[in-house]
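Structural features, examined
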Amino acid sequence: MQHPHLASLFPADFLWGVSTSAYQIEGAVHEDGRGASIWDQFAATPGKVHQGQTGAVACDHYHRMPEDVALMASLGLKAYRFSIAWPRIQPEGTGAANSLGLDFYDRLVDALLAHDIVPLATLYHWDLPLALHQQGGWLNRATANHFAEYAEIVGRRLGDRVPWWLTLNEPWCAAFLGYGNGLHAPGMHNTQAAFVAGHHLLLAHGHAMQRLRATVRADAQLGIALNLNPAYPHDNSPETLRAVQEVDRFNNGWFLDPIFRGHYPEQLSADFKVAPPPILDGDMELISTPIDYLGVNYYSRSLIPLHQGTSPVGTSSATVVSDQDGHFTEMGWEIYPPGLTDLMVQLDRDYRPRKIVITENGAAFPDEWDGGDRVDDPRRSDYLAAHIQAMATALVQGVPLAGYFAWALMDNFEWAEGFSKRFGLVYVDFPTQRRIIKASGRWYAAFIQQQRAGH
Ligand code: FCB
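Before going into details, it helps to say that this report is about the structure given with it. Model, not experiment: these values are computed from the prediction. (Residues numbered from 1 in each chain as written. Predicted model: local features only at pLDDT ≥ 70, side-chain atom pairs only at ≥ 80, totals over all residues. Heavy atoms only, no water.)

**Focus: the packing of helix α6 (residues 99-114) against helix α8 (residues 142-158)**
- It is the contact of α6 with α8, at a shortest axis distance of 10 Å, that shows an interaxial angle of 45°. Regarding the angle of α6 to α8, the classification is oblique. Here α6 and α8 pass one another in a crossing that is right-handed. Contact residues: S99, L102, D103, Y105, D106 and V109 in α6; I153, R157 and L158 in α8.
- Classifying every residue of the contact of α6 with α8 by side-chain character gives five nonpolar, one polar and three charged. (Axes fitted to C-alpha atoms, helices over the stretch in contact; angles between N-to-C directions. Helix = DSSP H or I, 4+ residues; strand = E, 2+ residues; numbered from the N terminus. Parallel < 35°, antiparallel > 145°, perpendicular 65-115°, else oblique. Left-handed = near helix turned anticlockwise from the far one by under 90°. Contact = heavy atoms within 4.5 Å. Nonpolar A, V, L, I, M, F, W, Y, C, P; charged D, E, K, R; others polar.)

Rendered as structure tokens:
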């Protein structure tokens, strides 16, 4: 084992897990009464997803759930983060619950508990029911009210057994990639729309916090997962330092400030030259309902180059460069573990979350399977080890870290990249659906085992 000391730095009840999301792994899109989502439609639109691929089959997890849970147990995982597909629970996004859809997650939760794996459920990982999109989707304030109903249905059914909840996954992506630059479903290109969608997503979060609180077990931990990306200056000119602040407001403050401080960053809409989000009385109080923990999805940082008077974020993040000397994953994301330490320390100082859980962290590399039982992916093990080390550095500085979830359990449908980017600790041979544990999966299993043994 490479890092004997590292494992012993974490508390005994630290949650070591892996993460997935419904549309990326389940497949079975027409089964048991599931309705269509915006991702079914987006993926079916030519030119939107790599090679026209879709999540129609994905990892076929809907049919292979018991084996996948057994696989997780064989790795010794302590926790599993999954998402619930809203269109399985309410095929049209409103109205009576579809019991067959609920049954699937019920079985999943029971299977996890039977293997001593702690379930962490995300209510929304981007698969909005298409019927709601046809009524305006996240541009329609009513969608947040529908989400409240959905949260209550799920809370009532699973809340006795699921101890960890996330309302939304990465509302920044749902709002900006979905409505601002159109790289994700529903594919709209309008910055103003992104701010409207973002506000309604935050309202949905606030409603769901309250509905979950009223329906799930009293000791449940409720939170939201944000993709956070710390910004660094490439030089020390005043222009660059200003640009760094601007990028930070956009990447991080847009969602952190409303949740923890009850207001948007002052400059945010001015940076974009758009109207402020459509805030009604009581909205910000609802949005800043206290959370029990903050979920952080960390992959990389932004390094901001010298600016010549233009806004770095006005239309895209295209002017954000990466360090020439840096190392990159296949997504083109710079590998920068110190960014995780810095981010944790800053979050703790500036927002004082009660707890932080790293709800995603991982890397895509062009893995090769030998056709037998080996996939050697040393760069992924190194990536995980370096980020776990970065977490330990934050932990010893007093950051209240409670868990770490590697993205992802297995290779899956990586949104606009289709199946071309592999993030799994387990390799999936998609034609046969065979799962092969990668060397990084074995590394992680050994690390967790050592951590258990040390306590
Ligand atoms: C995050 C998403 C997750 C996965 C990773 C690579 O933005 O939450 O679904 O696609 O990126």
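There's plenty left to go through after this.
**Remarks on the sheet that holds strand β7 (residues 293-297)**
- What the eight strands build is a closed barrel, ordered β1-β2-β3-β4-β5-β7-β9-β10; its pairing is parallel. Within this sheet the neighbouring strands show an average axis-to-axis angle of 25°, counted without direction.
- Sheet contacts for α6: β2 (79-83) and β3 (118-124); angle to β2, the most-contacted strand, approximately 170°. (Pairing = 2+ DSSP bridges.)

**Topic: helix α15 (residues 378-396)**
- Helix length check: α15 (19 residues) gives 27 Å between terminal C-alpha atoms against 27 Å at 1.5 Å per residue, within 8%.
- Within α15, the full set of buried residues consists of R380, S381, Y383, L384, A385, H387, I388, A390, M391, A392, A394 and L395. (Expected span 1.5 Å × (residues − 1). Buried < 20%, exposed > 50% of the residue type's maximum accessible area, 1.4 Å probe, protein only.)

**Regarding the site of the ligand**
- Taken together, the residues surrounding the ligand are Q24, H125, W126, N169, E170, Y299, E360, W407, E414, W415 and F423.
- H125 places a side-chain nitrogen or oxygen 2.8 Å from an oxygen atom of the ligand.
- Between an oxygen atom of the ligand and a side-chain N or O atom of W415, the distance comes to 2.9 Å.
- For the ligand, whose unbound accessible area comes to 290 Å², protein coverage reaches 95%. (Near = heavy atom within 4 Å. Polar contact = N/O pair within 3.5 Å; in protein donor to acceptor, adjacent residues only side chain to side chain. Areas by Shrake-Rupley, 256 points an atom, 1.4 Å probe, with all protein chains shown as cover.)

**Regarding the environment of A114**
- On the secondary structure map, A114 appears in helix α6.
- With relative accessibility at 66%, the residue A114 sits in the exposed group.
- Sequence separation of A114 and G326 is 212 residues, and the distance between their C-alpha atoms is 43 Å.

**Describing the packing of aromatic side chains**
- Applying the stated rule across the entire model yields 43 aromatic pairs.
- Look at W16 and F447: their rings are 4.9 Å apart centre to centre, the planes differ by 85°, and that puts the pair in the edge-to-face class. Residue W16 is located in strand β1 (residues 15-19), and its partner F447 is located in helix α16 (residues 439-453); the two are separated by 431 residues in the primary sequence.
- The ring of Y232 carries R301 above its face, with NZ or CZ at 5.1 Å from the centroid.
- One residue, R301, lies across the ring of Y336, its end atom 3.7 Å from the ring centre. (Phe/Tyr/Trp six-rings, centres within 6.5 Å; stacked < 30°, edge-to-face > 60°. Lys NZ or Arg CZ within 6 Å of the ring centre and 35° of its normal.)

**A look at unusual backbone geometry**
- Between A185 and P186 the backbone carries a cis peptide bond, its omega angle lying at 5°.
- Going from W407 to A408, the amide bond is cis rather than trans, its omega being 10°.
- Its place among the elements puts A408 in the loop between β10 (401-407) and β11 (426-429).
- Positive phi, close to 50°, is recorded for Q51, a residue that is not glycine.
- Relative to the elements of secondary structure, Q51 occurs in the loop between α3 (38-43) and α4 (61-74).

**Looking at the side chain of Q221**
- Inspection of the secondary structure puts Q221 in strand β5 (residues 221-227).
- Residue Q221 is classed as buried on the basis of its relative accessible area, which comes to 17%.
- Within the structure, the side chain of Q221 is placed 3.3 Å from the backbone oxygen of D219, a separation counted as a polar contact.
- Leaving out residues up to four positions away in the same chain, Q221 has contacts with P163, W164, W165, D292, Y293 and K355.

**Examining the state of the cysteines**
- Under the defined criterion, the tally for this structure stands at zero disulfides.
- Free cysteine: C59, not disulfide-bonded; nearest cysteine sulfur from C173 at 20 Å. (Disulfide = S-S within 2.5 Å.)

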